[in-house]
Number of protein chains: 2
Amino acid sequence: MRFGPDYPDTTYVPHAHPERTFDTGEVVLNYAVAGDESLPALLLVPGQFESWWGYEKAMPLLAEHFQVFAVDLRGQGRSTRTPGRYTLDNMGNDLVRFVAHGIGRPVICSGLSSGGVLSAWLSAYALPGQIRAAVYEDPPLFASETTPAIGQSIKQSIGGMFALWNKYLGDQWSIGDWDGMVAAAPHELPPHLVPLSKALLSGDGPPQNMKEYDPEWGRAFWTGTVAASCDHERMLSSVKCPVLMTHHFRMIDAQGRLLGALSDIQAEYARTLVEKAGNAVTYQSFPRMGHSMHGQDPELFAKTLVDWATALAAA
Amino acid sequence: MRFGPDYPDTTYVPHAHPERTFDTGEVVLNYAVAGDESLPALLLVPGQFESWWGYEKAMPLLAEHFQVFAVDLRGQGRSTRTPGRYTLDNMGNDLVRFVAHGIGRPVICSGLSSGGVLSAWLSAYALPGQIRAAVYEDPPLFASETTPAIGQSIKQSIGGMFALWNKYLGDQWSIGDWDGMVAAAPHELPPHLVPLSKALLSGDGPPQNMKEYDPEWGRAFWTGTVAASCDHERMLSSVKCPVLMTHHFRMIDAQGRLLGALSDIQAEYARTLVEKAGNAVTYQSFPRMGHSMHGQDPELFAKTLVDWATALAAA
C-alpha cells in the first residue's frame, strides 16, 4: 500500500477550488485560492494529517471577507516530501517565502494544531510586517514538544499514535502496512489513545487525509526533531502581532496525561508569554468543540475569526 | 570576562568599511558593503569564529568587480544572538531573506568553512534564481556532521576544540573562563588538536574574532544540532548552480583523524553529488594554504574567484 506524490492516481481526488503551485526553491507548495484579490489576504495552514482541503467548507464563508490562501505544507497533500527536513523552522520559512513572493502582501495567518504552532512561529519569526495578526486554532503549544517548559509532553499526549503510524506506514509510506497498524493499535498504543485511534482508523482502509500525509511527520514529532531548535517558550516570547487563540476539548486523565491539544495551564502560559511580549491576545475556550473547529463547525469558525479581525481593524 | 552585543564597548573595534543592519524579523544582521551597485552582487559569508571583517583585506580587490556584501551571521560579530536556534537552516534562511529584501537581486555567494557549508546550503535551498553561482572556500562538508555519509565526523576532526571552548566560555560567553580554558586545553583536548589550539590561544587574552563569537555555535556543531535536519549528502544532491570549491591544507593522522576542513574523499564525494545534480563544479586544490585563503592571501583568493566568475560569464 503506497500513497503520496509518486502515486497521484491512487492518492488524490478532485476539489471545488482550483489548485496552484509555488516553488520555494526547495519544495513545490500546493495551494488553493478563494475570494477577491481586493480583500485582505488570509493564509490558512492545515494541521498534521490534514491537507488544504480540510478548509474546503470554511473557505467560501471566509472568502466573503478575505482573499483566502490554503496551503499544503511540505509532506502534506500535493506538496513535496522532504525526508529528514521536517522542522517548524523549515515549514515556517516555506510560508515566509510563499507570503513574500507568492501572495505578495501582508496576511492574517490562521493554523490548526501543528498549523497553529506554525501560525505562532510566523507571528514570531516572519519578515517584519509580513503577519498582520495570527490565529492559533487549538494549537499543541508545549504539548507537542518532547521537553516542554510547562505541562504534558508529546509522550504524555498524542505522541504514541504518531509513533505507531510511523512504525507501520513508514517515512513516505515506504512500509504501508495499514492492516498491521490497525491490528497492533489496541495493544501497542498507550491505553489513553486507544479510543481516539479506533475513531480515526475505523474505516475500510486509509481515509483520504491519511493517504496525503507523510508519516515521517509523525516521527519528527515523536522524536522531537521538528522543534529541536525551536523551543516554544522562546518562540512565544518573540511574537510581534495580535493573536486569537481558540482552545477546544481537553481533559487530564487520572495519570495526568492530556487528551486534547493543550492543557489549561499550557494555554494560560502561552497567553502570558505573548502578552508579555507586548501583544493583545484574545483567548476563546470551546470546551465541547472537537480538534478542528473549521472542519466540524465552519460557520462558527468563520464567525469567530471574522468578528475578531473586524474588532482588530476597528481598534 | 564577558563579550558580545550586550558589551559593545569592550567587544567591538572600528573598521574601514561602514556597517549597516538588516532586520530579518527574527535577527538584526550586521553587514558591510563595498563596490558600486552597478556591478554584480557578491555575498561573503564568514566562517565559525570569524566576523564580516575577516574579508576586510579581500573586499577592495573584489570590489573592483562586484558590489560586495559581507555579513555577520546570527551569533557572529554585531548580529543578534539566538540561543537554541543555531542551525544551518535558520542561518541559511536569514541569508535568503537578506538577499531577497536587503540586496534585492541575484548574487554569487562565497563562504569560508561553516560559511562554505552555508554557501552550499544557499546553492541548494535558496529561492529560485537567487543564487547565480556559489564558492565553497575550504568547506567542512561531511566533516562538520556528527554522522556523515562519508569520512571523518566532527569528533574525528575539530569538534573537540569547539566542545572545550563552549565548556569554558559558555553559551553567549555566560561563563567566560578564558584562563581556565587555556590551562585545560593541553590535557582536555584530544592530542591531535593541541598544536592548533596553542596557535589559536597563544595571545594575551581572547583575540578579537573570539570576542565576537557566540560559543554556543561550537556546541551546536559538537552536538550536531546545527545540521540535525540538514544532511549534507541530501543538501549537495539538491544544488542548482555552478560551484567553485577550494580545498586547502589537509592531513590524515596515524589514527585516521582529519587535520583540515575536509578530506580528499569527502571533497571528491561532494563534487560527485553536485555534478550528478547537473551542475558544473570547478575544484581547486591548494594543499599548502591555511584554512582562510581570503585572510592569508587575499590577492590569490580574489584572483581565483574573479577568474572563475569571468569564465562562467563567458561560458
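Everything numeric here is computed off the predicted structure, so don't read it as measured data.

Participant: Would you mind going over the interface of chain B and chain A with me for this structure?
Facilitator: The figure often quoted for interface size is the accessible area lost as the parts come together. The interface is formed by 26 residues belonging to chain B together with 26 residues belonging to chain A. Both sides of the chain B and chain A interface together cover about 2100 Å² of buried area, and 48% of this is carbon and sulfur. In terms of surface lost to chain A, no three residues of chain B exceed Arg85, Arg97 and Ser229 of chain B, which account for 26% of the buried area on that side. The tally of links from chain B across to chain A stands at two salt bridges. Here Arg85 of chain A ties to Asp89 of chain B by a salt bridge, and the two come within 3.0 Å at their closest N and O atoms. Applying the counting criterion to the chain B and chain A interface returns 15 residue pairs in polar contact (both at pLDDT 80 or more). Elements that contribute at least two residues to the side of chain B that touches chain A include exactly α3 (88-103) and α4 (114-125) of chain B. For the side of chain B that touches chain A, a count of residues per class yields 10 nonpolar, nine polar and seven charged.

Participant: Sorry if this is basic, but what is going on with the packing of aromatic side chains here?
Facilitator: Aromatic ring pairs are reported here in terms of the distance separating the ring centres and the angle at which the planes meet. Taken as a whole and assessed by the stated rule, the structure comprises 30 aromatic pairs over all chains. Considering the side-chain rings of Phe3 of chain B and Trp173 of chain B, the 4.9 Å spacing of their centres and the 85 degrees angle between planes classify their relative orientation as edge-to-face. Here Phe3 of chain B, found in the segment before α1 (8-11), pairs with Trp173 of chain B, found in the loop between α5 (159-169) and α6 (178-188); they are 170 residues apart in sequence, far enough to count as distant. For the pair Phe3 of chain B and Trp173 of chain B, a shared accessibility class is recorded, and that class is buried. Between Trp217 of chain B and Phe221 of chain B, the aromatic rings sit 6.0 Å apart at their centres with planes inclined by 20 degrees, giving stacked as the arrangement. One end of the pair, Trp217 of chain B, and the other, Phe221 of chain B, are both in helix α9 (residues 216-223), four residues apart, so they sit about a helical turn from each other. The same class applies to Trp217 of chain B and to Phe221 of chain B, which are both buried. Note that Arg85 of chain A overlies the ring of Tyr125 of chain B, its terminal NZ or CZ placed 4.0 Å from the centroid.

Participant: Quick question: what am I supposed to make of the packing of helix α5 (residues 159-169) of chain A against helix α9 (residues 216-223) of chain A here?
Facilitator: In a packed pair of helices, the relevant descriptors are the angle between the two axes and the axis-to-axis distance. All names here are of chain A. Taken N-terminus to C-terminus, the directions of α5 and α9 make an angle of 135 degrees; their axes are 8 Å apart at the nearest point. In terms of axis orientation, α5 runs oblique to α9. Here α5 runs over α9; the crossing is left-handed. Contacts between α5 and α9 involve Gly159, Gly160, Phe162, Ala163 and Asn166 on the former and, on the latter, Glu216, Gly218, Arg219, Phe221 and Trp222. Looking at the contact of α5 with α9 residue by residue, the classes come out as four nonpolar, four polar and two charged.

Participant: Which parts of the structure should I look at to understand the pairing of strand β6 (residues 131-137) of chain A?
Facilitator: Regular strands place side chains that alternate from one sheet face to the opposite one. Residues and elements named next belong to chain A. In terms of residue burial, β6 counts as a mostly covered element, since six of its seven residues are buried. With six bridges joining them, strand β5 (residues 107-112) and β6 adopt parallel strand pairing. In the sheet register, Gly111 faces β6, and the bridge partner there is Tyr136. Assessed by its sense of winding, the connection that carries the chain from β5 through helix α4 (residues 114-125) to β6 is right-handed. Alignment of β6 against strand β7 (residues 243-247), held across four bridges, turns out to be parallel. Looking across to β7, one finds that Val135 is bridged to Leu244.

Participant: Explain the nonpolar core to me, please; I cannot follow it from the model alone.
Facilitator: As a rule of thumb, soluble globular proteins bury nonpolar side chains together. Formed by 75 residues in total, the largest nonpolar core has its most connected members in Leu43, Tyr136, Leu141, Trp165 and Leu236 of chain B. Once you skip the residues sitting within four places of it in the chain, Trp165 of chain B turns out to touch Phe49, Gly170, Met181, Leu200, Leu201, Met210, Tyr213 and Pro215 of chain B. Grouped together as the second largest cluster of nonpolar side chains are 74 residues, Val33, Leu122, Trp173 and Trp217 of chain A included.

Participant: Just checking my understanding: could you explain α4 of chain B for this structure?
Facilitator: An α-helical turn contains 3.6 residues, so any two residues separated by three or four positions project in the same direction. In a regular helix each residue adds 1.5 Å, so 12 residues correspond to 16 Å; α4 of chain B covers 16 Å between its end C-alpha atoms and thus fits that length. By the burial criterion, the buried members of α4 of chain B are Ser114, Gly115, Gly116, Val117, Leu118, Ser119, Ala120, Trp121, Leu122, Ser123, Ala124 and Tyr125 of chain B.

Participant: Would you mind showing me how to read the relation of the copies chain B and chain A here?
Facilitator: For these two chain copies, the linking operation is a rotation about an axis paired with a shift along it. Each copy superposes on the other: chain B lies on chain A with an RMSD of 0.0 Å after a rotation of 180 degrees and an axial shift of 0.0 Å. Overall, the copies show the geometry of a two-fold rotation axis. Counting the interface residues of chain B, we find that 100% of their copies in chain A are interface residues as well, pointing to one common contact surface.

Participant: Would you take a moment to explain the sheet that holds strand β2 (residues 28-34) of chain A for this structure?
Facilitator: Where strands meet in a sheet, backbone hydrogen bonds hold them as pairs that are either parallel or antiparallel. All names here are of chain A. Read from one edge to the other, the open sheet built from eight strands follows the order β1-β2-β4-β3-β5-β6-β7-β10, with strand pairing classed as mixed. Two strands lie at the open edges of the sheet, namely β1 (19-23) and β10 (281-285), each paired on one side alone. The sheet shows a mean angle of 20 degrees between the axes of neighbouring strands, taken without regard to direction. Both β7 and β10 contribute to a ladder of five bridges, which runs parallel. Across the sheet, His247 pairs through a bridge with Ser285, a residue of β10. In the packing of α4 onto the sheet, the strands contacted are β3 (41-45), β5 and β6, and the crossing angle to β6 comes to about 155 degrees.

How each quantity is defined
All chains use their own residue numbering, which begins from 1 and follows the written sequence. Written order determines the labels here, with chains lettered from A and ligands numbered from 1. Where totals are concerned, whole chains, interfaces and linings use all residues; where local detail is concerned, this predicted model gives features only for residues with pLDDT of at least 70, and gives and counts side-chain atom pairs only at 80 or more. Note: side-chain values were computed over all heavy atoms of the structure, leaving out hydrogens and water. Here, two residues are considered to be in contact whenever any of their heavy atoms come within 4.5 Å of each other. Summed over both partners, buried area is the accessible surface (1.4 Å probe) that two parts give up on being assembled. We count a salt bridge whenever a side-chain nitrogen from Lys or Arg sits within 4 Å of a carboxyl oxygen from Asp or Glu. Contacts described as polar in this section are N or O atom pairs within 3.5 Å, which, within protein, must combine one atom able to donate a hydrogen with one able to accept it, while residues neighboring in sequence count only if both atoms come from side chains. Think of it this way: any DSSP run of H or I at least four residues long counts as a helix, any run of E at least two long counts as a strand, and we number them from the N terminus. In this classification, Asp, Glu, Lys and Arg are treated as charged, Ala, Val, Leu, Ile, Met, Phe, Trp, Tyr, Cys and Pro as nonpolar, and every other residue, Gly included, as polar. Side-chain rings of Phe, Tyr and Trp, where Trp is taken by its six-membered ring, are said to pair if the distance between their centres is within 6.5 Å; with planes under 30 degrees apart they count as stacked, over 60 as edge-to-face, and otherwise as tilted. A simple rule labels every residue: compare its accessible area, found with a 1.4 Å probe on the protein chains alone, to the largest value its type can have, and call it buried under 20%, exposed over 50%, or partly exposed in between. A ring is scored as having a charge over it whenever the NZ atom of a lysine or the CZ atom of an arginine sits within 6 Å of its centre and within 35 degrees of its normal. Every axis corresponds to a line fitted to the C-alpha atoms, with the helix fit spanning only the stretch in contact, and the corresponding angles, defined between N-to-C directions, vary from 0 to 180 degrees. Under this scheme an angle from 65 to 115 degrees is roughly perpendicular, one under 35 degrees roughly parallel, and one over 145 degrees roughly antiparallel; angles in between are oblique. With the far helix as reference, a near helix turned anticlockwise by less than a right angle produces a left-handed crossing, and one turned clockwise produces a right-handed crossing. Two strands form a pair only when DSSP identifies at least two bridges running between them. For the handedness criterion, the strands are oriented away from the viewer, and a crossover whose path from the first strand over the helix to the second runs clockwise is classed as right-handed. We define a nonpolar core as any set of buried Ala, Val, Leu, Ile, Met, Phe, Trp, Tyr and Cys residues linked to one another through side-chain atoms lying within 4.5 Å. Multiplying one less than the number of residues by 1.5 Å gives the expected span of a helix. Least-squares superposition aligns the copies on the C-alpha atoms of those residues with pLDDT at or above 70 in both.

The values are spatial; any link to function lies outside them.
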